[in-house]
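Letter by letter, the chains look like this.
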Amino acid sequence: IHEFSNENAPFVLFPNPGTENFMISIELNKPSQLNFSIVTSSGKKVFSSKNKIYPVGPHQIKLLENNQSLSEGIYFITLDLNGSRFAKKLVVIK
């Protein structure tokens with residue numbers, strides 16, 4: 001897993017910290033296979049997206065599906081992009 005500072009990350013996670021409606025914003029310069037997972041600070045996976053190929057261009061991807069929510073705490077968002085894995089910390093406040 002590559003942990004990047006906000007300046008070098010291949011994606012932006014927002015709002016962070018936040019309460020709900022979390023999104024990934026990413027700009028792709030080629031069609032890309034992308035999926036992500038939400039993992040608790042203790043390592044338990046609480047959500048995994050379906051593996052999907054996205055076209056070139058900007059994308060805003062909703063982290064959770066309808067009516068799902070996260071309890072207050074610290075989570076890690078892992079993003080698998082064309083064979084590489086990246087992670088960002090997400091802070092959920094209520």
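Residues numbered from 1 in each chain as written. Predicted model: local features only at pLDDT ≥ 70, side-chain atom pairs only at ≥ 80, totals over all residues. Heavy atoms only, no water.

Student: Kindly report on the overall build of the protein chain, identifying the contributing residues and their values.
Tutor: Helix and strand content of the protein chain: 0 helices and 9 strands. For the protein chain, the C-alpha radius of gyration of 13 Å lies close to 12 Å, the compact-globule estimate for 94 residues. Taken over the C-alpha atoms alone, the protein chain extends approximately 35 × 30 × 20 Å along its principal axes. Considering only intrachain contacts with a sequence separation of at least 6, the fraction spanning at least 24 residues in the protein chain is 59%. Accessible area of the protein chain: about 5900 Å², with a carbon and sulfur share of 49%. The average position of the 10 basic charges and that of the 7 acidic charges among the side chains of the protein chain differ by 7 Å. (Helix = DSSP H or I, 4+ residues; strand = E, 2+ residues; numbered from the N terminus. Rg over C-alpha atoms; globule rule 2.2 N^0.38 Å. Contact = heavy atoms within 4.5 Å. Areas by Shrake-Rupley, 256 points an atom, 1.4 Å probe, with all protein chains shown as cover. Lys, Arg positive; Asp, Glu negative; His and termini not counted. Charge placed at Lys NZ, Arg CZ, Asp CG, Glu CD.)

Student: So what's going on with the sheet that holds strand S2 (residues 12–14)? Residues and values would help.
Tutor: Read from one edge to the other, the open sheet built from 3 strands follows the order S2-S3-S7, with strand pairing classed as antiparallel. With partners counted over all chains shown, the strands left at the sheet margins are S2 and strand S7 (57–62), one partner each. Across this sheet, the average inter-strand angle for adjacent strands is 20°, counted without regard to direction. Taken together, the 6 bridges between strand S3 (residues 23–28) and S7 define a ladder with antiparallel strand orientation. The residue of S7 that forms the bridge with Glu27 is Pro58. (Pairing = 2+ DSSP bridges. Axes fitted to C-alpha atoms, helices over the stretch in contact; angles between N-to-C directions.)

Student: Kindly report on the nonpolar core, identifying the contributing residues and their values.
Tutor: Counting 22 residues, the largest nonpolar core has Ile24, Ile26, Ile38, Leu63, Leu70 and Leu90 as the members making the most contacts within it. Of all the elements in the fold, those that place two or more residues in this core are S3, strand S4 (32–40), strand S8 (73–81) and strand S9 (84–92). Considering every element that reaches this core, the biggest residue donor is S8, with 4 residues. Not counting residues within four places of it along the chain, the set of residues in contact with Ile38 comprises Lys44, Lys45, Val46, Phe47, Leu63, Leu64, Leu70, Tyr75, Phe76 and Ile77. (Core = buried A, V, L, I, M, F, W, Y, C linked by side-chain atoms within 4.5 Å. Buried < 20%, exposed > 50% of the residue type's maximum accessible area, 1.4 Å probe, protein only.)

Student: Break down the environment of Ser71 for me, citing the residues and quoting the values.
Tutor: With respect to the helices and strands, Ser71 occurs in the loop between S7 and S8. The class for Ser71 is exposed, based on a relative accessible area of 52%. Measuring from C-alpha to C-alpha, the distance between Ser71 and Thr19 comes to 8.9 Å, with 52 residues separating the pair along the chain. Setting aside residues no more than four positions away along its own chain, Ser71 makes contact with Val92 and Lys94.

Student: Mind laying out the pairing of S3, listing which residues take part and the relevant values?
Tutor: Across 3 bridges, S2 lies against S3 in antiparallel orientation. From the neighbouring strand, Val12 faces S3, where its bridge partner is Ser25.

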